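Below, each chain spelled out in residue letters.
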There are 2 protein chains.
Amino acid sequence: MERKYIKDVQPDEEIIISGWIEKIREQKTIIFIVLKDSTGCIQVAIEKEKMPDMAKAMSALSRQSVVRFYGSAVKAEKVTLKGLEFVPTSFEIESVAQEIPISETTSQELKMDFRWLELRADKERLKFEIRTFVEAKIREFFLKKEYIEIHTPKITSQCSEGGAEVFELDYYGQKAYLTQSPQFYKQMAMASGFDKVFEIGSYYRAEKSFTSRHTAEAFCLDFEVAHLKSHEELMDLEEDLIKFVLRQTKERFGDEILRVFDTEIKVPIKIPRIKLADCFSIFKKYYGVEVKESKRLDLDPDGEKLICDYSKEYLDSELVFITDFPAEARAFYTKKIDGSFDCMGFDMLYRGWEVSSGAVREHRYDILKEQIEEHGVDSAKMKDYLEFFKYGCPPHGGVGLGIDRLIAKLLDLVSIKESIFVFRGPSRLKP
Amino acid sequence: MERKYIKDVQPDEEIIISGWIEKIREQKTIIFIVLKDSTGCIQVAIEKEKMPDMAKAMSALSRQSVVRFYGSAVKAEKVTLKGLEFVPTSFEIESVAQEIPISETTSQELKMDFRWLELRADKERLKFEIRTFVEAKIREFFLKKEYIEIHTPKITSQCSEGGAEVFELDYYGQKAYLTQSPQFYKQMAMASGFDKVFEIGSYYRAEKSFTSRHTAEAFCLDFEVAHLKSHEELMDLEEDLIKFVLRQTKERFGDEILRVFDTEIKVPIKIPRIKLADCFSIFKKYYGVEVKESKRLDLDPDGEKLICDYSKEYLDSELVFITDFPAEARAFYTKKIDGSFDCMGFDMLYRGWEVSSGAVREHRYDILKEQIEEHGVDSAKMKDYLEFFKYGCPPHGGVGLGIDRLIAKLLDLVSIKESIFVFRGPSRLKP
């Protein structure tokens with residue numbers, strides 16, 4: 001006898017169904033059970049007189065226990081669930097559930113302690129079905145363009161962002177770190193002649209941050225392309241990616257996302273590109289907000305929200321690129337724009353959050369070394385990284401995009417925690 | 001002007017080409033350069049009289065420097081490379097290479113220090129193109145079957161294999177570990193009702209092992225399926241996966257793999273399943289090898305090689321499943337076969353190496369707790385893990401497969417190191 005998913009159950013077939021007990025309703029002569037698996041629910045009817053042992057066992061059983069029923073379904077027009085009723089001839093109790101320790105009204109922290117019980121809700125599983133789809137489409141985009149997918153080491157001897165907020169570990173007696181990004185290694189791939197690479201993986205940030213957009217273990221897309229000289233080219237590429245992913249996701253899940261998450265995916269015709277300096281003029285002109293000269297190195301969370309409001313209202317896009325940041329405000333490896341204090345770095349914002357960051361990199365050894373020193377870092381500490389640029393390295397650039405953030409924004413979730421299977425933060429190491 | 005890949009260069013088009021200088025040959029009136037990018041090589045011809053500055057710059061330039069040429073190709077029948085010669089009208093030197101510190105005869109360790117230079121060889125890039133393809137096909141297999149792709153935390157408070165050989169780190173003042181496998185979390189997904197999940201990611205093993213098949217940072221496929229009761233079903237699934245991946249890879253890369261790696265991909269009609277106990281009878285009967293009673297809990301590396309020899313010679317398969325291990329020799333979470341000391345665990349071997357390990361898991365709380373104690377582990381230490389089984393958990397099973405090992409065997413590489421982008425081992429934390 002074959003086990004069938006509940007969605008596939010047809011009348012008058014001898015099969016097995018297996019799932020959780022959602023409801024038990026005991027009547028005088030019959031016990032009704034709503035059994036649930038990942039594909040749906042079905043009503044199981046047990047006549048007490050015909051099946052006394054089964055009836056006894058079921059009536060003693062707790063909700064959320066797992067049971068396997070052998071039998072067949074019959075048509076039952078009055079039953080709202082599929083118009084079917086399953087009549088079992090035998091059963092196995094697979095797992096008896098203790099009382100479920102969380103409910104709708106439980107605190108968020110307790111729900112996270114019992115994350116696997118929270119994930120049993122259909123809405124939660126749907127999130128991860130959508131996430132699976134989004135990641136598959138991201139990968140499809142790059143595979144079609146013949147990118148190589150790399151997996152860079154996550155344990156490393158050097159820190160890509162200068163050493164702050166990294167997790168340290170003992171590596172066979174040596175000091176090592178968990179990587180904050182694949183930055184150095186995707187640049188290494190450029191020096192290896194790999195030309196076009198991407199990676200989708202986990203990165204680690206020891207920030208003591210409790211905001212709704214931070215996680216200690218972030219899941220990101222990174223890509224890097226060689227022989228590329230302008231950040232406009234990089235933004236073109238990222239724009240194509242994002243529009244492809246949004247369009248595909250809307251087509252496959254748009255209606256469900258609207259129904260379950262009450263938000264509509266909007267695919268922009270064009271993602272606007274606004275220079276950082278122009279953001280501040282826009283804030284003043286459209287919102288009467290004046291930003292101090294000294295705070296014009298980047299957007300703060302309020303500024304990110306405001307420029308997204310502007311983009312949505314006036315430029316018909318929930319996504320926006322911010323470009324031409326001052327070189328001093330970006331990572332040392334960002335290439336400067338010739339004859340300017342600004343650099344070829346950019347961010348992409350989506351519904352008020354920064355979701356990605358990209359740049360053309362400085363690939364010339366001497367200038368890169370200078371820029372490291374300009375950023376107040378001792379270039380001797382970057383010796384291993386600098387080696388990548390000594391033996392011929394093509395110009396290149398790339399992007400890092402936070403997938404947890406992208407999913408959270410796509411589904412209009414309050415916090416990044418809700419888009420992650422098991423979240424990690426400063427006070428969260430369980431389950 | 002557009003940059004073209006060398007493979008796409010056509011005569012009489014104004015374009016840009018960009019790449020590494022492979023060779024410089026200076027003649028009396030002309031300088032010939034072989035320029036290489038990720039798609040191939042082309043000959044560049046610079047007439048000294050016409051282009052004195054360019055000629056001067058090129059004649060001073062070192063091999064492996066990166067140059068960008070503007071110009072067009074002309075037909076040149078005598079030229080073996082594509083029958084074309086590129087005639088540049090201008091150039092940019094992107095990156096000047098210092099003398100390359102490795103060569104064919106350099107020691108393996110020094111080559112690994114300069115891994116990115118080693119990776120410049122066409123053979124190396126091909127490996128990672130194949131690896132990209134293999135992983136894409138693995139993913140395709142599961143996505144078609146509507147599996148959810150999960151990403152489990154890599155920083156955890158508990159150790160899946162009991163605490164030996166893990167990397168420890170300080171997590172905001174708490175003791176934490178890098179996961180050795182997603183075992184606990186894919187089981188958690190089963191308790192979450194996710195039903196069918198897979199993950200492709202990195203895991204960490206602090207073994208002081210210097211063999212050709214070990215790495216401190218392993219890249220693995222894991223999958224787990226609920227409502228499944230027999231390990232035969234799991235092996236059926238894994239067999240379908242492996243045959244699909246091998247067949248597709250052979251079709252796409254078979255000829256190149258034969259030419260470059262001198263090995264032929266053979267797709268078995270059926271992957272044999274041999275009980276562990278029968279291996280020892282086979283060793284005696286076919287090879288005159290007697291294995292002591294006390295060593296019959298598992299196969300050692302010699303035994304793995306021998307049973308693969310047997311499978312290849314007598315059963316026409318380079319892959320073989322070993323099944324029915326004694327329960328005491330497998331992880332505590334493995335389900336026992338009713339009425340036997342053996343369990344529902346199995347390994348898959350490929351060309352002499354174990355590449356995967358799978359099992360039906362014990363999902364019943366009380367029995368699982370007992371098995372933990374039987375394995376000499378204090379079940380109190382497994383409290384958080386045991387929680388997953390308290391509130392209703394379906395029967396389930398799954399497999400973990402080492403992708404680094406699979407690629408190494410597929411391409412007949414000597415060591416796992418050769419299949420990994422940047423290797424990590426006890427004495428290897430760089431680059």
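Here the structure is a predicted model, which means the values were calculated and not measured.

Below, the discussion takes up the side chain of Asp404 of chain B. All names here are of chain B. Mapped onto the elements of the fold, Asp404 is located in helix H11 (residues 403–410). Asp404 sits in the buried class, given a relative accessible area of 4%. Among the polar contacts made by the side chain of Asp404, one reaches the main-chain amide nitrogen of Phe219 at a distance of 2.9 Å. Residues within four places of Asp404 in sequence aside, it is in contact with Arg131, Thr215, Glu217, Ala218, Phe219, Ile416, Ser419 and Ile420.

Glancing now at a nonpolar patch on the surface. Among the surface-exposed residues, Tyr286, Tyr314 and Leu315 of chain A lie close enough to one another that they form a single nonpolar patch of about 270 Å² accessible area. A residue is classified by how much of its surface remains accessible, and Leu315 of chain A, at 33% relative accessible area, is partly exposed.

Residue and element names in this part refer to chain B. Across the sheet, eight strands lie side by side as E6-E10-E11-E16-E15-E14-E13-E12; this open sheet has mixed pairing. Single-partner strands in this sheet number two, and they are strand E6 (148–149) and strand E12 (273–275). As paired elements, strand E13 (residues 319–323) and strand E14 (residues 345–350) share five bridges and run antiparallel to each other. When the sheet's bridge partners are listed, Val320 is paired in E14 with Leu349. Sitting on the sheet, helix H5 (residues 183–191) touches strand E10 (196–204), strand E11 (217–226) and strand E16 (396–402), and the angle it makes with E11 is about 20°.

Each neighbour pair has its own omega, and for Lys430 of chain A with Pro431 of chain A the value is -5°, a cis peptide bond. Mapping Pro431 of chain A onto the fold places it in the segment after helix H11 (403–410). Within the chain, Asp324 of chain A stands out as a residue other than glycine whose phi angle is a positive 55°. For Asp324 of chain A, the position within the fold is in the loop between strand E13 (319–323) and strand E14 (345–350). Residue class for Asp324 of chain A comes out buried when judged on its relative accessible area of 15%. You will see that Asp262 of chain B, though not glycine, has its phi angle at about 55°, which is positive. Mapping Asp262 of chain B onto the fold places it in the loop between helix H6 (231–261) and E12.

Each side of the interface is counted separately: chain A has 96 residues, and chain B has 97 residues. Together, the buried faces of chain A and chain B total about 8100 Å²; carbon and sulfur atoms form 61% of this surface. Linking chain A with chain B are seven salt bridges. Among the ionic pairs, Arg3 of chain A bridges to Asp195 of chain B, the shortest N-O distance being 4.0 Å. Along the contact surface separating chain A from chain B lie 49 residue pairs in polar contact (both at pLDDT 80 or more). For the side of chain A that touches chain B, the element with the highest residue contribution is helix H4 (residues 122–144) of chain A, accounting for nine residues. Broken down by class, the residue content of the side of chain A that touches chain B amounts to 47 nonpolar, 18 polar and 31 charged.

Here we come to the relation of the copies chain A and chain B. Copy one and copy two of the chain differ by a rotation about an axis and a translation along that axis. Each copy superposes on the other: chain A lies on chain B with an RMSD of 0.0 Å after a rotation of 180° and an axial shift of 0.0 Å. Put plainly, the chains are arranged around a two-fold axis. If distances are taken from each C-alpha of chain A to the rotation axis, the shortest is found for Leu169 of chain A, at 2.4 Å. The overlap is high: 100% of the interface residues of chain A also sit at the interface in chain B, so the same surface is used on both sides.

Parameters and conventions
- Numbering of residues starts from 1 in every chain and runs along the sequence as written.
- Here chains are named by letter from A upward and ligands by number from 1 upward, in the order in which they appear as written.
- The predicted origin of the model limits local features to residues at a pLDDT of at least 70 and limits the giving and counting of side-chain atom pairs to 80 or more, whereas totals for whole chains, interfaces and linings rest on all residues.
- Think of the side-chain values as coming from all heavy atoms in the structure, minus any hydrogens and water.
- By definition, any uninterrupted DSSP run of H or I lasting at least four residues is a helix, any uninterrupted run of E lasting at least two residues is a strand, and each is numbered from the N terminus.
- Here's how the labels work: a residue is buried when its accessible area is under 20% of the maximum for its type, exposed when over 50%, partly exposed in between, all with a 1.4 Å probe on protein chains only.
- Under this definition, polar contacts are N or O atom pairs within 3.5 Å; protein pairs additionally need one hydrogen-donor-capable and one acceptor-capable atom, and for neighbouring residues in sequence, both atoms have to be side-chain atoms.
- Note on contacts: a residue pair qualifies if any of its non-hydrogen atoms lie within 4.5 Å across the two residues.
- In this scheme, patches are assembled from residues that exceed 30% relative accessible area and form no salt bridge. Like charges are connected within 9 Å, while nonpolar side chains (Val, Leu, Ile, Met, Phe, Trp, Tyr) are connected within 5 Å.
- Here the open area of atoms and residues is found with the Shrake-Rupley method and a 1.4 Å probe, where only the protein chains shown may cover a residue.
- The rule for a salt bridge is simple: a side-chain nitrogen of Lys or Arg has to be within 4 Å of a carboxyl oxygen of Asp or Glu.
- Strands are treated as partners if at least two bridges between them are detected by DSSP.
- For helices, the axis comes from a line fit to the C-alpha atoms of the stretch in contact; other axes are also lines fit to C-alpha atoms, and the angle between any two N-to-C directions lies between 0 and 180 degrees.
- Throughout, the accessible surface (probe 1.4 Å) given up by two parts as they are put together, summed over both, is called the buried area.
- In this count, Pro and Cys sit with the nonpolar residues alongside Ala, Val, Leu, Ile, Met, Phe, Trp and Tyr, while Asp, Glu, Lys and Arg are called charged and the others, Gly among them, polar.
- The copies are overlaid by a least-squares fit using only the C-alpha atoms of residues whose pLDDT is at least 70 in both copies.

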